[in-house]
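Fold and geometry: a report
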Amino acid sequence: MGTTQLESVPEPKYWHLKTVLSEALDSDFAVGEILPNERELAARYGVARATLRQALEQLELEGRLQRRRGVGTTVAPPRVGVDVSTTQHQWPGAGEESWQSVDCAAAVPPAAVARMLGTGAEETVHTVRRLRVPHGAPVAAEHLYVPSGSVPDLTAIDAPSGPARARSVLRELQRLALEGQDRAVELGSARADDAKELDRLPGAPVLLVTTRYFAGGRTAAVSVATYRADTCRLTFGDAGDLQIAS
């Protein structure tokens, strides 16, 4: 069988340099450490600065590096695991130290979420906004939609608004007996509001994780979490209950 045209194309110089730099990040640099400037790095590896920039940009896309304004290029922390198994049943907010409650408001959910919840077209639900901040930088923004019927004992007097209101909704939700959940993951593009919270440009690649929580024989809550694709990895739990839909 003859050699194809693609097989005969040599590996780009920047791609080889990316591999060399990746190995150096593992052995010579610590997480959070600032890399030398481009001129020094180019001289160290004997390449043009344009080649170096291509390699650095690729490593940034892969989540190995972070470019911080006013600081420079630093070694990124390990990717955050996103558990997409359905065997681990747990309400949002239960034992999740890296999640921070941001706000809570009464709002009409997106049509797709309303269908999952079984709410009316103009019916408002508690909309909790949270951020996942594992290493001091946000990697995920979540909208959690909770119908009033799921938290009937919640009162506006205890926590009228803001993060306190969000925590109250989560606390009341955990009083329900969680019967199960299902989860879907898809690749998407960051919307303007999520991109701002995640320090990304609008349209940047993200992972959209939608989770339905079941209690009392119905959907009690729906979570839509937007994860930075460059900082996360999917995990499937011990059972490996992965299903691929075509």
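A brief look at the structure comes next. Starting afresh in each chain, residues are numbered from 1 along the sequence in its written order. Local features are withheld for residues below a pLDDT of 70 in this predicted model, meaning they are given only at 70 or higher, and side-chain atom pairs are given and counted only at 80 or more; totals for whole chains, interfaces and linings count all residues. Excluding hydrogens and water, the side-chain figures rest on all heavy atoms present in the structure.

1. Things to note about the overall build of the protein
Note the following rule: The secondary structure listing takes helices from DSSP runs of H or I that are at least 4 residues long and strands from runs of E that are at least 2 residues long, numbered from the N terminus. Working rule for contacts: check all heavy atoms of both residues, and any pair within 4.5 Å makes them a contact. The method behind every accessible area is Shrake-Rupley, applied with a 1.4 Å probe, and residues are considered shielded solely by the protein chains displayed.
Counting its regular elements, the protein contains six helices and 10 strands. For the protein, contacts bridging at least 24 residues in sequence account for 64% of all contacts bridging at least 6. Of the accessible surface of the protein, which amounts to about 14,000 Å², a share of 51% is contributed by carbon and sulfur atoms.

2. Observations regarding helix α5 (residues 162-173)
Note the following rule: To estimate how far a helix should extend, the number of its residues minus one is multiplied by 1.5 Å.
For α5, built from 12 residues, the straight-helix expectation of 16 Å at 1.5 Å per residue is met to within 8% by its first-to-last C-alpha distance of 17 Å. The elements touched by buried residues of α5 are β4 (99-107), β5 (125-132), β6 (140-146) and β9 (218-228).

3. Observations concerning the sheet that holds strand β7 (residues 180-189)
The strands making up a sheet are joined through hydrogen bonds of the backbone, oriented either antiparallel or parallel. Quick note on the threshold: Any two strands with at least two DSSP-identified bridges between them are counted as paired. Axis definition: a line fit to C-alpha positions, over the contact stretch in the case of helices; interaxial angles, taken between N-to-C directions, run 0 to 180 degrees.
Pairing in this open sheet of six strands is antiparallel, and the strands run β4-β5-β6-β9-β8-β7 from one edge to the other. With partners counted over all chains shown, the strands left at the sheet margins are β4 and β7, one partner each. The mean inter-strand angle of the sheet, taken between neighbouring strand axes irrespective of direction, is 20°. Both strand β8 (residues 205-215) and β9 contribute to a ladder of 10 bridges, which runs antiparallel. Each residue of the ladder has a partner; that of Arg 212, found in β9, is Val 222. Where α5 meets the sheet, it contacts β4, β5, β6 and β9, and its direction lies at approximately 90° from that of β4.

4. Points about the packing of aromatic side chains
Here is the rule: Here the aromatic set is Phe, Tyr and Trp, taking the six-membered ring for Trp, and pairing holds for ring centres within 6.5 Å; pairs whose planes are under 30 degrees apart are stacked, those over 60 apart are edge-to-face, and all others are tilted. Over a ring means this: the NZ of a Lys or the CZ of an Arg is within 6 Å of the ring centre and within 35 degrees of the ring normal.
Throughout the structure, instances matching the rule amount to three aromatic pairs. Each ring, one from Trp 99 and one from Tyr 227, has its centre 6.5 Å from the other, and the planes form 90°; the classification is edge-to-face. Taken together, the residues span a long stretch of sequence, with Trp 99 in strand β4 and Tyr 227 in strand β9 at a distance of 128 residues. The ring of Trp 15 is capped by Lys 18, whose NZ or CZ atom sits 4.0 Å from the centre of that ring. In this structure, Arg 130 packs its charged tip against the face of Trp 99, placed 4.5 Å from the ring centre.

5. Structural notes on a nonpolar patch on the surface
Cut-off, in case you're wondering: Note on patches: the residues involved have over 30% relative accessible area and no salt bridge, like charges join within 9 Å, and the nonpolar side chains Val, Leu, Ile, Met, Phe, Trp and Tyr join within 5 Å. Salt bridges, as used here, are contacts in which a Lys or Arg side-chain nitrogen is within 4 Å of a carboxyl oxygen on Asp or Glu.
On the surface, Val 185, Leu 234 and Phe 236 cluster together to form a nonpolar patch covering roughly 200 Å² of accessible area. Along the chain, the position of Phe 236 falls in the segment after β10 (232-235).

6. Focus: the pattern of salt bridges
The line we're drawing: A 1.4 Å probe rolled over the protein chains alone gives each residue an accessible area, and that area as a share of the maximum for its type sets the label: buried under 20%, exposed over 50%, partly exposed in between.
Per the stated rule, a full pass over the model turns up 10 salt bridges. Where Arg 44 meets Glu 40, a salt bridge forms, and the shortest distance between an N and an O atom there is 3.5 Å. Taken together, the residues Arg 44 and Glu 40, both in helix α2 (residues 38-45) and four residues apart, mark about one turn of the helix. A residue is classified by how much of its surface remains accessible, and Arg 44, at 47% relative accessible area, is partly exposed. Three or more residues are tied together by salt bridges with common partners; here these are Glu 38, Arg 49 and Arg 53.

7. Considering the packing of helix α1 (residues 13-28) against helix α3 (residues 49-61)
For the record, the criterion: Should an angle lie under 35 degrees it is considered roughly parallel, over 145 roughly antiparallel, and from 65 to 115 roughly perpendicular; all remaining angles are considered oblique. When the near helix sits turned anticlockwise from the far one by under a right angle, the crossing is termed left-handed; a clockwise turn instead gives a right-handed crossing. The nonpolar class holds Ala, Val, Leu, Ile, Met, Phe, Trp, Tyr, Cys and Pro. Asp, Glu, Lys and Arg form the charged class, and all remaining residues, Gly among them, are polar.
Viewed as axis vectors pointing N to C, α1 and α3 meet at an angle of 60°, and their least axial separation amounts to 8 Å. With respect to α3, the axis of α1 lies oblique. Note that α1 runs across α3; the crossing there is right-handed. For the pair formed by α1 and α3, the contact residues are Lys 13, Tyr 14, Trp 15, Leu 17, Lys 18, Leu 21, Ser 22 and Leu 25 on the first element and Thr 51, Leu 52, Gln 54, Ala 55, Leu 56, Gln 58 and Leu 59 on the second. Looking at the contact of α1 with α3 residue by residue, the classes come out as nine nonpolar, four polar and two charged.

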